[in-house]
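# Descriptive structure summary
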Amino acid sequence: MTSTLTRRRLLHGSLAGIAAGLSGGCAKHRSGRKAVVVGAGLSGLNAALILERWGFEVQVIEARERVGGRIWTLDALPGSPEGGGNVMGANYGRVLKAAHDLQVPLRSPPRTLPSDYFVDGQRIARDDWASAEANPLPDAWRSIPPSRLMGKLNASNPLLQTRAWHDPTLMASDTSALSGLSALGFPDAAIRLIGANNSYGNNLDETSLMSLYRVMGEFGRLSGPALAVKEATKGNMRLPEAMAGQLARPIEMGSPVTAVHQSSSATRVTLASGETVDADAVIMPLPLPALRRIDMSLPASQTTLLETVDYHKVVQLHCIVEAPFWERAGWGGSWWTDNLLGRIFTRPIPGTSRFNMTVWINGDDCDALNAMDEATCIDRISRALWDLMPDAREATSVGQLVRWSNDPFAGGVWALWRPGQAATAHAALRAPVGRVFFAGEHTAEAYRGMEGAMESGERAALEVMRLLA
Amino acid sequence: MNQCWRDLAISFALICSTNAVAQADSLTGEQLYDIACSACHSLAHTPDHHIGPPLGGLLDRPAGAVEGYRYSEALRNSSWRWSLPTLVAWLADPDTAIPNNAMNYVNPMTAEETQRLGEWLLGES
């Protein structure tokens with residue numbers, strides 16, 4: 001069997017052709033084995049680079065016309081805002097090391113402007129939150145801003161070990177965030193505010209309480225003055241692009257995979273074009289909604305899981321602001337709302353007088369927006385924005401709409417575990433099936449987000465090397 | 001996909017339980033360090049701090065003692081000293097070895113690989 005790829009849409013990075021060597025490594029370790037990596041996000045690229053470093057022939061196949069997966073810098077817009085992964089945590093060792101080694105410059109993100117509130121139709125200035133009549137929280141909770149209410153979970157966080165978030169013993173007591181927060185004494189108004197802009201669930205009823213503990217525990221570990229987040233100075237997508245540029249073999253771009261099937265000695269990957277690639281092992285570092293689209297003859301138990309794990313819904317409308325219209329009214333420039341607009345994050349575009357403003361809508365509120373055609377969706381969000389702040393109309397132009405759930409190669413921004421689900425689903429979804437290995441942030445143990453993706457690629461490379469060594 | 005491949009695939013899926021392919025388990029200590037450690041730890045004998053402290057000169061070194069690194073209180077106060085048994089115990093499950101440490105790492109290696117990595121790291125020291 002030989003590769004039958006004939007149509008080449010290849011990405012050549014500036015350093016393509018140099019067998020990568022971040023450390024150690026190389027040609028002296030030629031294994032004569034071939035691995036295919038389906039997807040050029042951070043996870044797949046990290047796995048591919050490790051395997052190449054140790055002598056494997058690696059072919060990365062990417063469905064999109066760009067690398068990066070859920071890292072997506074909107075380069076066509078002033079300020080190049082991030083449509084996808086936007087934060088490199090201070091403890092993201094793998095991400096930061098890769099950026100350092102590949103000379104991708106990082107910076108502290110420009111400061112997001114202070115946030116005021118719109119709750120129950122009332123504007124509340126940020127400094128007035130605790131005393132405002134429209135603040136719905138009871139006395140003991142009134143001073144906590146809506147965005148920090150979930151942090152109260154850390155007072156009862158039972159996740160003391162890194163892998164505890166899917167520990168079956170702890171998971172036995174997992175519950176929905178809706179009932180769990182109530183049982184912990186969170187007032188109804190606090191629960192409603194948490195649910196209004198929850199980045200870690202589509203609705204509190206289907207959100208695992210333990211998954212919220214996991215996120216809050218991570219944030220707790222990150223607190224401290226010395227630990228500041230980073231972003232790539234010229235856009236986070238520069239990192240996966242630099243990683244792709246290190247690969248000895250160019251990436252096959254614009255080539256969705258439709259099937260992966262195994263014989264007893266090899267694995268065949270079929271592309272939408274009908275072309276095929278044979279390999280000794282295949283890594284599938286894809287988000288589950290993308291994985292569902294690929295015929296893999298998986299065991300029934302795994303197929304069922306693929307269908308049941310939910311993905312977080314995010315709609316973003318990226319706008320450009322020509323002048324700080326909020327200043328005349330004494331507003332900060334960003335907003336937290338309990339209405340359709342969700343949160344509005346505004347930050348200056350360095351070196352200019354303009355601003356990037358992102359309307360960031362989470363969860364089930366996205367359903368109706370995702371069902372609209374693009375123009376109608378933009379109009380719906382824009383009108384809500386102008387209704388809330390008429391002064392914005394003259395000063396703001398729409399840049400780009402991003403709807404992650406509608407992206408067939410993502411299906412959402414990250415995996416959401418239903419109550420109790422992680423106890424079994426996490427291990428099952430990362431377990432190799434024959435010569436097919438799984439990666440991606442949903443399979444990571446210690447981290448989520450970009451670092452989780454890198455961590456999972458590391459583990460998948462280890463599994464492939466263990467098999468083929 | 002032709003019928004032959006589909007039949008093979010289905011047969012394989014039926015007989016294949018998770019992780020059923022034989023595992024050679026012969027990765028070297030250097031490979032294991034590269035895959036599992038090198039993103040966060042150098043092998044320097046000097047205070048070359050990345051996200052984690054350097055691993056050079058580990059043998060018989062007290063845990064949490066490289067100058068200039070911000071260790072967790074748990075590691076600093078552990079009274080551990082690095083030897084093959086302590087290093088392998090730490091690598092195998094850091095959270096159990098020294099609770100409340102800051103490494104935030106879950107080891108994907110087998111027990112044999114962990115042992116081999118520990119031996120290699122101390123040999124590099």
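Higher on the page you've got the structure.
Procedures and definitions
Residues numbered from 1 in each chain as written. Chains lettered and ligands numbered in written order. Predicted model: local features only at pLDDT ≥ 70, side-chain atom pairs only at ≥ 80, totals over all residues. Heavy atoms only, no water. Helix = DSSP H or I, 4+ residues; strand = E, 2+ residues; numbered from the N terminus. Contact = heavy atoms within 4.5 Å. Pairing = 2+ DSSP bridges. Axes fitted to C-alpha atoms, helices over the stretch in contact; angles between N-to-C directions. Buried < 20%, exposed > 50% of the residue type's maximum accessible area, 1.4 Å probe, protein only.

## Quick look at the environment of Met372 of chain A
Mapped onto the secondary structure, Met372 of chain A falls in the loop between α10 (366-371) and α11 (374-388). When sequence neighbours within four positions are dropped, the list of residues in contact with Met372 of chain A reads Cys377, Arg380 and Arg403 of chain A.

## Some words on the sheet that holds strand β15 (residues 334-337) of chain A
Residue and element names in this part refer to chain A. As summarised here, the arrangement of the seven strands in space is β6-β5-β15-β16-β17-β14-β18, forming an open sheet in which the pairing is mixed. Of all the strands in the sheet, just β6 (122-124) and β18 (396-403) have a single pairing partner and so form its edges. Direction aside, the axes of adjacent strands within the sheet are offset by 20 degrees on average. Judged from the four bridges that link them, strand β5 (residues 115-119) and β15 form a sheet pairing that is parallel. Within β15, the residue paired with Asp116 across the bridge is Trp335. α11 contacts β5, β14 (314-321), β15, β16 (343-348), β17 (355-362) and β18 of the sheet and is inclined by roughly 130 degrees relative to β18.

## Looking at the pairing of strand β12 (residues 281-284) of chain A
All names here are of chain A. Side chains of β12 alternate between two faces, with Ala281 and Ile283 and Val282 and Met284 buried alike. Summarising the sheet, strand β2 (residues 34-38) and β12 pair through three bridges and their orientation is parallel. Its bridge partner lying in β12, Val36 is registered against Val282. Bridge count for β12 against strand β20 (residues 436-438) is three bridges, and the pairing is parallel. Within the sheet, the bridge partner assigned to Ile283 lies in β20 and is Phe437.

## As for the side chain of Lys313 of chain A
Residues and elements named next belong to chain A. Looking at where Lys313 falls in the secondary structure, it is placed in the loop between β13 (310-311) and β14. What makes Lys313 buried here is its relative accessible area of 15%. If we ignore the near neighbours within four places in the chain, the residues touching Lys313 are Asn202, Ile361, Asn362, Gly363, Asp364, Cys366, Asp367 and Ser405.

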